[in-house]
Amino acid sequence: MKDLHFDYTKAVSSERVAAIRPTAEAAMNVLKSGNGAGNDFLGWLNLPHDIEAQISDIESTARLLREECEIIVCIGIGGSYLGAKAVNEALLNSFAQLEGSKPQIVYAGQNIGEDYLYELQNLLRNRKFSIISISKSGTTTEPALAFRLLKTQLEQQQGKDAAKRLIVCITDRKRGALRTLATQEGYKTYVIEDNIGGRFSVLSPVGLLPIACAGFDIRSLIEGAKRMQDICNLPFDENPALQYAASRNILYREEGKKVEMLVNFHPKLHYVSEWWKQLYGESEGKNGKGIFPASADFTTDLHSMGQYIQDGERHLMETVLSVEQPNHEVIFPHDEQNLDGLNFLAGKRVDEVNKMAELGTMLAHVDGGVPNMKFTLPCLNEYYLGQMIYMFEFACGISGYMLEVNPFNQPGVEAYKKNMFALLDKPGYEEESKAIRARL
């Protein structure tokens, strides 16, 4: 069976890779040994094996929610929902909602949009729905706000007894507001372990339960991750995570490539990029350092961003996500009039056209001064998404240590929260409120 493949040859030379290889290997050894900064957040490293004991229970809970509900609401923000949404959107039929597939998986707690929440509550009215609430503390503003609203609605529509059965909480083992409430109400719970940060939690119940609720094979996802865990223990020449971390750091250090664009030629991979952006942005953006993670969906965004990528400021590098084999086949037809001039494509698969667009774009961008790296997934399924998720996580840890930052904390995230609480007159923020209002 094939594995995910990485190619850096259009971005950096083998000589430059050889020069940085000892630094990358040293960073990997720090990660694996647990001797680096943030080493109390390394529970994800062996998660593909550690989670196996919980799989049957997660599948059982997902089966109950799928059988009883039209809609399942996944409440969370950042790593508490992005990983699950990335996998679900990659695997779902693109038009599943229009086809009326049941249950529908929808998301809340990832914003503070009043119109969004109004429209969600209206969608759920007179429908049987369940809630998966994901929060280690239970007090993060966005998900806590959404949970209070939707919990109240669920109890009003279906009664407290039904709500007890249809609310699942994924939270801290012992402490926090959500843990306290779940214990009081008797909700089904799963644990977010203290040593697993949100952005590294997709292979835990945080990601696995919503993915299973969407009807996908979480056992295959975990098998793919286990396979990649083994690959990440291989020497440099066979280790895509190590090669990726090394290559992007060469481009950052030696060529001043400050922005990395993760691009795809498969529209179902959009939310994979959103998950990746949080993983790398929150892990590396510290101490005045870090590669800025951006993304684009090709060929769509070539018609809006292609000009800048080709001819704009040369601070970009590109990493391409390519899917080798589509899951379906569409043959382009012959047309007698040929008014669009496309008969030269007649008889070809649409994916052949897409692959030539991919290759042509990569060559053009390299010629324009944008180094291109490329990951190839043999096909888009649970197994290879599991490989990709673990590979990006492992490479992120290596890359963070190469940058000499702690890849597992996020101190900068707290600044906006303090200001928001002060402006909302939250108890305990009186002095901050006075100081901020004096600036306005």
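Heads up: the structure comes first, above all this text.
Here's a quick rundown of the structure. (Residues numbered from 1 in each chain as written. Predicted model: local features only at pLDDT ≥ 70, side-chain atom pairs only at ≥ 80, totals over all residues. Heavy atoms only, no water.)

The terminal C-alpha atoms of helix H3 (residues 55-68), which comprises 14 residues, lie 20 Å apart, in line with the 20 Å expected from a rise of 1.5 Å per residue. Residues Ile55, Ile58, Thr61, Ala62 and Leu65 constitute the buried set of H3. For H3, the angular spread of the buried residues around the axis is 130 degrees, confining them to a single face. (Helix = DSSP H or I, 4+ residues; strand = E, 2+ residues; numbered from the N terminus. Expected span 1.5 Å × (residues − 1). Buried < 20%, exposed > 50% of the residue type's maximum accessible area, 1.4 Å probe, protein only. Arc of directions from axis to C-beta.)

Note on strand geometry: in a regular strand, side chains alternate between the two faces of the sheet. Of all the six residues making up strand S7 (residues 259-264), six are buried; the element is thus mostly covered by neighbouring parts of the structure. One ladder, built from six bridges, connects S7 with strand S8 (residues 292-297); its direction is parallel. In the strand pairing of S8, valine 259 is matched with phenylalanine 292. Pairing analysis gives six bridges linking S7 to strand S9 (residues 316-325), with the strands arranged parallel. Considered in S9, the bridge of glutamate 260 is made with methionine 317. (Pairing = 2+ DSSP bridges.)

It is worth spelling out the sheet that holds strand S2 (residues 71-75) at this point. On the basis of which strands lie adjacent, the open sheet formed by five strands has the order S3-S2-S4-S5-S6 and parallel pairing. Single-partner strands in this sheet number two, and they are strand S3 (104-108) and strand S6 (188-191). Mean inter-strand twist for the sheet, computed between neighbouring axes without regard to direction, equals 20 degrees. In this sheet, strand S4 (residues 129-134) lies alongside S2 in parallel orientation, the contact comprising five bridges. Residue pairing across strands places valine 73 opposite isoleucine 131, the latter belonging to S4. Of the strands in this sheet, S2, S4, strand S5 (167-171) and S6 are in contact with H3, which crosses S6 at around 140 degrees. (Axes fitted to C-alpha atoms, helices over the stretch in contact; angles between N-to-C directions. Contact = heavy atoms within 4.5 Å.)

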